[in-house]
Amino acid sequence: MARIRAIALISTLAIIGITLAVITLNRDTQAEAPVVESCPAGYVPVNNKLPDSESEVKINVYNATSTVDLARNVAADFTNRKFKVEKTGTDPKKQPDIVAQLRYGPKAVGAAQLLRAYFLNAVEEDGFNIKREDDTIDVIIGGEFKQLATPTEMRQAVAALGNPILPPGTCAQQP
């Protein structure tokens, strides 16, 4: 008798659960996915997603000081941190009063945020070029540069920076 009551109780609960699930699914008013706003007219979509790893970031390293082989040495440090260094060289404009400057376009906004953290956020802010079409970042090393941040310092700097801020005239690229 106790077994029959237990089976009846479990069967009743199962029927109630299935009934509630069917009712809930039928009354769901969210039939379509939410509409994502697109870019306003004249705005440029940017990739503001932080890269999953340094190996996804392509950079060129340029020396804007009179220090010999600085770009090559910094490029080696970036290579050790798994960045893809494509070019090294000398920047024609000497910049003794800065740590670094990043020059990049809409496809590299998130990657620039990661690189900014390697300089502990001491980067000149005027390097965004809305007309640039590649996803490579030019890293200009200035006279105030001492060394790249350690991995721990970089993670703390990324946390302090938060998500990348969209440059003027841009909007987030749709996933």
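Structure: above.
Residues numbered from 1 in each chain as written. Predicted model: local features only at pLDDT ≥ 70, side-chain atom pairs only at ≥ 80, totals over all residues. Heavy atoms only, no water.

Asker: Just give me the short version of the packing of helix H3 (residues 109–118) against helix H4 (residues 151–161), but keep the residues and values in it.
Answerer: For the pair H3 and H4, the least separation of the axes is 8 Å and the interaxial angle reads 125°. Comparing their axes, H4 and H3 come out oblique. Here the hand of the crossing between H3 and H4 comes out right-handed. On H4, the residues that touch Gln113, Leu114, Arg116, Ala117 and Tyr118 of H3 are Met154, Ala157, Val158 and Leu161. Of the residues assigned to the contact of H3 with H4, the class counts are seven nonpolar, one polar and one charged. (Axes fitted to C-alpha atoms, helices over the stretch in contact; angles between N-to-C directions. Helix = DSSP H or I, 4+ residues; strand = E, 2+ residues; numbered from the N terminus. Parallel < 35°, antiparallel > 145°, perpendicular 65-115°, else oblique. Left-handed = near helix turned anticlockwise from the far one by under 90°. Contact = heavy atoms within 4.5 Å. Nonpolar A, V, L, I, M, F, W, Y, C, P; charged D, E, K, R; others polar.)

Asker: Describe the packing of aromatic side chains, with residues and values.
Answerer: A full pass over the atoms with the stated rule returns six aromatic pairs. Ring centres 5.1 Å apart and planes at 80° place the aromatic pair Phe78 and Phe83 in the edge-to-face group. Like Phe78, the residue Phe83 is buried in the burial classification. A centroid spacing of 5.9 Å and a plane angle of 65° characterise the contact between Phe119 and Phe145, whose relative ring orientation is edge-to-face. In this pair, Phe119 is assigned in the loop between H3 and strand S5 (123–124) and Phe145 in the loop between strand S6 (136–141) and H4, connecting sequence segments 26 residues apart. Each member of the pair Phe119 and Phe145 is classed as buried. Members of the aromatic cluster, connected to one another through ring pairs, are Phe78, Phe83, Tyr118, Phe119 and Phe145. (Phe/Tyr/Trp six-rings, centres within 6.5 Å; stacked < 30°, edge-to-face > 60°. Buried < 20%, exposed > 50% of the residue type's maximum accessible area, 1.4 Å probe, protein only.)

Asker: Run through the sheet that holds strand S2 (residues 58–63), naming residues and quoting values.
Answerer: Strand order in the open sheet formed by five strands is S3-S2-S6-S4-S5, with mixed pairing between adjacent strands. Edge positions in the open sheet fall to strand S3 (84–90) and S5, since each of these has one partner strand only. Of the pairings in the sheet, the one linking strand S4 (residues 100–103) to S6 comprises four bridges and is antiparallel in character. Across the sheet, residue Ala100 finds its bridge partner in S6, namely Ile141. Running at roughly 155° to S2, helix H2 (residues 70–80) makes contact with S2, S3 and S6 of the sheet. (Pairing = 2+ DSSP bridges.)

Asker: Run through the pairing of S2, naming residues and quoting values.
Answerer: Where burial is concerned, most of S2 is hidden: five out of the six residues are buried. Here S2 runs beside S3; their pairing, made up of six bridges, is parallel. The partner of Ile59 across the bridge, within S3, is Val85. Taken together, S2, H2 and S3 form a β-α-β motif whose crossover is right-handed. With six bridges connecting them, S2 and S6 associate as parallel partners. Considered in S6, the bridge of Val61 is made with Val139. (Right-handed = clockwise from strand over helix to strand, strands pointing away.)

Asker: Any chance you could break down H3 for me, citing the residues and the numbers?
Answerer: Of all ten residues that make up H3, ten are buried, and the element is covered over most of its length. Listed as buried for H3 are Val109, Gly110, Ala111, Ala112, Gln113, Leu114, Leu115, Arg116, Ala117 and Tyr118. Where H3 terminates, the next one or two residues include Leu120, which has phi positive at roughly 50°.

Asker: Lay out helix H1 (residues 2–26) in plain terms, naming residues and giving numbers.
Answerer: End to end, H1 covers 36 Å across 25 residues, agreeing with the expected 36 Å (1.5 Å per residue, within 8%). With zero of its 25 residues buried, H1 lies for the most part at the surface. (Expected span 1.5 Å × (residues − 1).)

Asker: Which residues make up the nonpolar core, and what values go with them?
Answerer: Of all hydrophobic cores here, the largest spans 32 residues; its most connected members are Ile59, Phe78, Leu102, Leu115, Phe119, Ile137 and Val139. Those elements that provide at least two residues to this core are S2, H2, S4, H3, S6 and H4. Excluding residues within four positions of it along the chain, Val139 makes contact with Ile59, Asn60, Val61, Tyr62, Phe78, Gln101, Leu102, Leu115 and Phe119. (Core = buried A, V, L, I, M, F, W, Y, C linked by side-chain atoms within 4.5 Å.)

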